[in-house]
Amino acid sequence: MTGLPLLSIAIWLPIVGGLLVLATGSDRNAGLARLLAMVVAVAGFLVTVPLYIGFDTTTSAMQFTELRQWIPRFNIHYQLGVDGISVLFILLNSFITPLVVLAGWKVIEEKVAQYMAAFLVMSGLMNGIFSSLDAVLFYVFFEASLIPMYIIIGAWGGPNRVYAAFKFFLYTLLGSLLMLVALIYLFYQSGFSFNLLDWHELRIPLTAQIYLFLAFLMAFAVKVPMWPVHTWLPDAHVEAPTGGSVVLAAIMLKLGAYGFLRFSLPIAPDASRELAWLMIALSLTAVVYIGFVALVQADMKKLIAYSSISHMGFVTLGFFIFNSLGVEGALVQMISHGFISGAMFLCVGVLYDRMHSRQIADYGGVVNTMPKFAAFFMFFAMANAGLPATSGFVGEFMVILGAVQFNFWVGFAAATTLILGAAYTLWMFKRVVFGAVANPHVAEMKDINAREFVILGVLALCVLGMGLYPFPFTEVMHASVENLLKHVAVSKL
Amino acid sequence: MNLNFVMPDLYPASAEIFLLLMALAVLLVDLFVGKGRRWLIYLLTQLTLAGAFGITLLTLDGQAVTTFSNMFVDDLFADFLKLVLYPAVAVMLVYSREYLAARNLDKSEFYLLVLFATLGMMVMISASHFLTIYLGLELLALSLYALVAIDRDSARATEAAMKFFVLGAMASGLLLYGISMVYGAVGSLEIAEVGQRIATGSGNKTVLVFGLVFVVAGLAFKLGVVPFHMWIPDVYHGAPTAVTLFIGSAPKLAAFAITMRVLVTGLAELAEHWQVMLMILAALSIALGNLAAIAQTNIKRMLAYSAISHMGFMLLGVLSGIVGGDPRFALNAYSSAMFYVIAYVLMSLGTFGMVLLLSRAGFEAENIDDFKGLNKRSPWFAAMMMILMFSMAGVPFFVGFFAKFAVLQAVVAAKMIWLAVFAVLFSLIGAFYYLRVVKVMYFDAPTDTAPIEAPRDMRILLSVNGLAVAFLGLLPEGVLEYSIFASYAFLVGH
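Residues numbered from 1 in each chain as written. Chains lettered and ligands numbered in written order. Predicted model: local features only at pLDDT ≥ 70, side-chain atom pairs only at ≥ 80, totals over all residues.

Further remarks concern the overall build of chain A. A count of helical and extended segments in chain A gives 22 helices and two strands. For 493 residues, the compact-globule estimate of 2.2 N^0.38 gives 23 Å, and the C-alpha radius of gyration of chain A, at 21 Å, lies within 12% of that figure. Across the 493 residues of chain A, 62% fall into the buried class. When contacts within chain A are restricted to residue pairs at least 6 apart in sequence, long-range pairs at least 24 apart make up 81% of them. (Helix = DSSP H or I, 4+ residues; strand = E, 2+ residues; numbered from the N terminus. Rg over C-alpha atoms; globule rule 2.2 N^0.38 Å. Buried ≥ 20, exposed ≤ 12 C-beta atoms within 10 Å, placed from the backbone. Contact = placed C-beta atoms within 7 Å.)

Let us look at the overall build of chain B. The number of helices and strands found in chain B is 20 helices and two strands. In summary, chain B has a C-alpha radius of gyration of 22 Å against a globular reference of 23 Å for 494 residues, a match within 12%. Here the C-alpha coordinates of chain B stretch approximately 70 × 60 × 40 Å along the principal axes. Here chain B, with 494 residues, has 60% of them falling under the buried criterion. Restricting to contacts in chain B with at least 6 residues of sequence separation, those with at least 24 account for 80%.

Let us look at the nonpolar core. Counting 419 residues, the largest nonpolar core has A:Met116, A:Val181, B:Met124, B:Val148, B:Leu253, B:Tyr340 and B:Met385 as the members making the most contacts within it. Sorting elements by how many residues they give to this core places helix α14 (residues 330-358) of chain B first, with 21 residues. Once residues lying within four places of it in the same chain are set aside, the contact partners of B:Val148 are B:Ala157, B:Ala160, B:Ala161, B:Phe164, B:Val235, B:Gly238, B:Ala239 and B:Val243. (Core = buried A, V, L, I, M, F, W, Y, C linked by C-beta atoms within 7 Å.)

With 27 residues of chain A in contact, the opposing surface of chain B contributes 25 residues. Secondary-structure elements contributing two or more residues to the side of chain A that touches chain B are α5 (135-144), α6 (146-156) and α7 (161-189) of chain A. With 15 residues, the top contributor of residues to the side of chain A that touches chain B is α7(A). Considering only residue class, the side of chain A that touches chain B consists of 23 nonpolar, one polar and three charged. (Nonpolar A, V, L, I, M, F, W, Y, C, P; charged D, E, K, R; others polar.)

Here chain B averages 89 in pLDDT, while 99% of its residues score no lower than 70. Our summary of model confidence lists the complex with pTM equal to 0.92 and ipTM equal to 0.90. (pLDDT = per-residue confidence, 0-100.)

All names here are of chain B. Running from amino to carboxyl end, helix α2 (residues 38-58) crosses helix α3 (residues 76-102) at an angle of 165 degrees, the nearest separation of the two axes being 9 Å. Put simply, α2 runs roughly antiparallel to α3. Crossing hand, α2 versus α3: left-handed. Here Tyr42, Thr45, Gln46, Leu49, Ala52, Phe53, Thr56 and Leu57 of α2 come into contact with α3, specifically with Asp79, Lys82, Leu83, Tyr86, Val89, Ala90, Leu93 and Arg97. Across the contact of α2 with α3, the residue classes break down as ten nonpolar, three polar and three charged. (Axes fitted to C-alpha atoms, helices over the stretch in contact; angles between N-to-C directions. Parallel < 35°, antiparallel > 145°, perpendicular 65-115°, else oblique. Left-handed = near helix turned anticlockwise from the far one by under 90°.)

Turning to helix α16 (residues 379-393) of chain B, a few remarks are in order. All names here are of chain B. The end-to-end C-alpha separation of α16 is 21 Å, in line with the 21 Å expected for 15 residues at 1.5 Å each. By the criterion of burial, α16 is predominantly enclosed, with 13 of the 15 residues buried. Of the residues flanking the end of α16, it is Gly394, one or two places downstream, whose phi is positive at about 85 degrees. (Expected span 1.5 Å × (residues − 1).)

Note the cis peptide between A:Val224 and A:Pro225, where omega equals -15 degrees. B:Phe397 follows B:Pro396 through a cis peptide bond whose omega is 0 degrees. With respect to the secondary-structure elements, B:Phe397 resides in the loop between α16 and α17 (399-413). Even without being glycine, A:Phe192 reaches a positive phi, approximately 65 degrees.

Here we take up the environment of A:Val437. All names here are of chain A. Within the element layout of this structure, Val437 appears in the loop between α19 (408-433) and α20 (440-444). A tally of 17 C-beta atoms within 10 Å means that Val437 is categorised as partly exposed. With 260 residues separating them along the chain, Val437 and Leu177 place their C-alpha atoms 51 Å apart. Contacts of Val437, omitting those with residues within four sequence positions, involve Gly364, Gly365, Asn368, Thr369, Val442 and Ala443.

We now examine the pairing of strand β1 (residues 63-71) of chain A. Residue and element names in this part refer to chain A. In terms of strand pairing, β1 meets strand β2 (residues 76-82) through six bridges, oriented antiparallel. Bridge assignment links Gln69 to a residue of β2, and that residue is His77. Between β1 and β2, which pair antiparallel and follow one another directly, the connecting turn spans four residues, one of which, Asn75, has a positive phi of 55 degrees. (Pairing = 2+ DSSP bridges.)

Moving on to the packing of α3(B) against helix α4 (residues 108-125) of chain B. Residue and element names in this part refer to chain B. Where α3 contacts α4, the axes come no closer than 11 Å and their chain directions differ by 165 degrees. Between α3 and α4, the interaxial angle falls into the category roughly antiparallel. For the crossing formed where α3 meets α4, the hand is right-handed. Facing Ala78, Leu81, Lys82, Leu85, Val89, Leu93 and Leu100 of α3, the residues of α4 in contact are Phe110, Val114, Thr118, Met121, Met122 and Ile125. By residue class, the composition of the contact of α3 with α4 is eleven nonpolar, one polar and one charged.

Let us look at the environment of A:Val348. Residues and elements named next belong to chain A. Position of Val348 relative to the elements: it lies in helix α15 (residues 324-355). Expressed as a C-alpha distance, the spacing of Val348 and Met300, which sit 48 residues apart in the sequence, is 7.0 Å. Excluding residues within four positions of it along the chain, Val348 makes contact with Met300, Lys301, Ile304 and Arg358.

Before going further, it helps to spend a moment on the confidence of the model for chain A. In the predicted model, chain A carries a mean pLDDT of 86, and 100% of its residues have values of at least 70. Highest mean pLDDT in chain A belongs to α5(A) (92); lowest belongs to α20(A) (79).

All names here are of chain B. Assignment of secondary structure puts Gly34 in the loop between α1 (14-32) and α2. What makes Gly34 exposed here is the crowd of 7 C-beta atoms within 10 Å. For the pair Gly34 and Phe53, spaced 19 residues apart in sequence, the C-alpha separation works out to 29 Å.

What follows is the structure, given as structure tokens:
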């Protein structure tokens, strides 16, 4: 291992780079802004590669740790580190960022520098969230990440963008503010420490655990989002520009789930077990009910948004059945969903750039004019439906196995997603892509260009690779997941 | 009759004396300065503030010294607050200069009144006697009444000044009445002496609590917290923006100081009583301030309600110092409240500075809509305003977050978790109207395309102000320690 503070670089390189991009100023320098953004994004990804290569898969301890005093007044530290759970998300995030920059390359013509800067800053903040081991540091990154997303949705979004931006911001802020009180409470309970790893060892009475669990639930459930606090997501997705939707789906939704693993489960394990029924019920509702809701959507982005909620239901289900198949399956599902939903939103973005409509009814017969695109879209649709040999299958299958191990009927209910997911995705696909050319606009559409081909191609490779050989992913997380489960199994009353 | 006059020690009050002499000098110089040389008065005022800053800094020492028969105290708490006060006033003058000149309000009266108001605040901060508090308060208040009405031709300003005066006079009356009760009960007006006498059991509790109610009401009026807030929106709205900027910034420091001196030094034994009162005041302020701000279309009114909620938040820090008679967390709580005030003054200066920046001759940028499309007109200042708004909303990485954080942790330390939950829920509502300003700047197209013109010193200072809000959000430790030192000196002193 090198002596470089890799995590700090992964956080601050995109942020500082983003500010540099911002400094290129007006749209006269748009070309420079794009180029600089791409350089920063790629550099940001490259610096995270050593995190994976140098990662020691045999231990569940935090690696690449950094520790500095930040605010001694409140005993807050600038404390970073990753384990097998978080390292993958840093990679995923840094990997998605260049694709997002590329996706906005030609489409965004106004305020290019600000657009690129917002995404880069956000990428850095996300890395901060995933690598913070100090609760306040985590919280600060967690909440600061709302700002760029608010601007992205509001400034470059669709017609109803202002409403969506406010809803997104206020909804997520509500949850995190309650979490802040919980964090402060834990600070006093633990004898003035904000160190997450200290908190994992803390003994807390059951009532307090339940309150803490509920406070965390408020913060993370909104972010996941879990039914019934999911309503901000379809709005945000529909109105956000393509890049915004990709980052929302691929990364932001993972923050909530990650929070469960870092906060709820280890800090309040007894409450987690006590309230597991609630979590399982909410998750299954998301999987089944939201699956049906997705079925009736007329707007493609909304449909994918609901499909995301349904898939994230799988993730939370996997966490709260407390076996390693479930948790690892959920983590695989999170990564895979990052690729697939990102790709699905990019596909819709490709269509939208040409037609300026997201309505399924406006399309039909796209395969006739855009064969290459149709092939990619087909592949991602299949992956979204959980076709074996794609990454979508691996996670779902592991969670279903875990769920059956936990309780047959829970597993049974979860498995309905295989039918529902296939139904809503493929039906949408059929209506958009197949059939005769629906109208003159579709007839005029041009197939994807080299830039779009590269983006979709890279993601397709990821989905396929992960589906065929998921071992590199599960290997990294295994030790940490085992440790987490061991931790959760021990009562801390 | 035996006149026995002892010359009091003037050294502890040297900054105040300097300021007073300079103010008189300004008055004299004004006689010989023509209309074209008003910059001289401005410069002299700035030099006065700089000089006072220097004197306070040079006479800084850890010892608390009292003078004028214990009516005036020079301790680190006072010095540290004054060291924030001078720059706040100086920055206000820089921001206001162009605005005043464009409206022909940059008469020497303005600067003179500002200097007297500053002197009043300094006296309040250093008061160790109920009468000194009253003196300082009146000096400040009378200067402010005149400042609000300085634009004589504006009916709205005159009306605001009248309201301010009538209500302010009543509040002063309440405060005096309360003070007289306290005097009646314990027979002293020296704050520390009052504290000791109550602690040793002298004084009728009923009379004291009766007096306390009036004292708290008077303080609450000066702080501008619900239900004594009625003057705030009208005065903020009616006064010329430069004066609003002044009222909205530095006096909060002085009001904080007298609240601390009266309640914590003087009436600490009655903490269980005033805590409940402050709790009600704080909760109402946070609720009403945030709710009413949503309905405003005028940014000055919106910021007025926001000020109400911020002062409520600050009171949360003051009230969580003593828990059931146990002052273990006092230092933590009071330093948090002080940090909150300093952070608020910094943000308030910047925000009103932005309003002044957008105003020009014949145009008042008073409505939130006047910020429309600012990102197109000036991305830099839009970014500054965004920083300020997010900071006010308490979003990291800006200083407003740590201000809220500091106060909330003090509240939780005092085992009032429900109060913390209440406060954060209403700051969520508060986030809405700050976000709305960001929205009009970034998501809307500009309706006003006039270029933004401002003197270079204002542009630079406003940028520094905005960046300071961001910088202190990344590294707040310095100011946190500063507040700790000051609060420690305060607690040791009594």
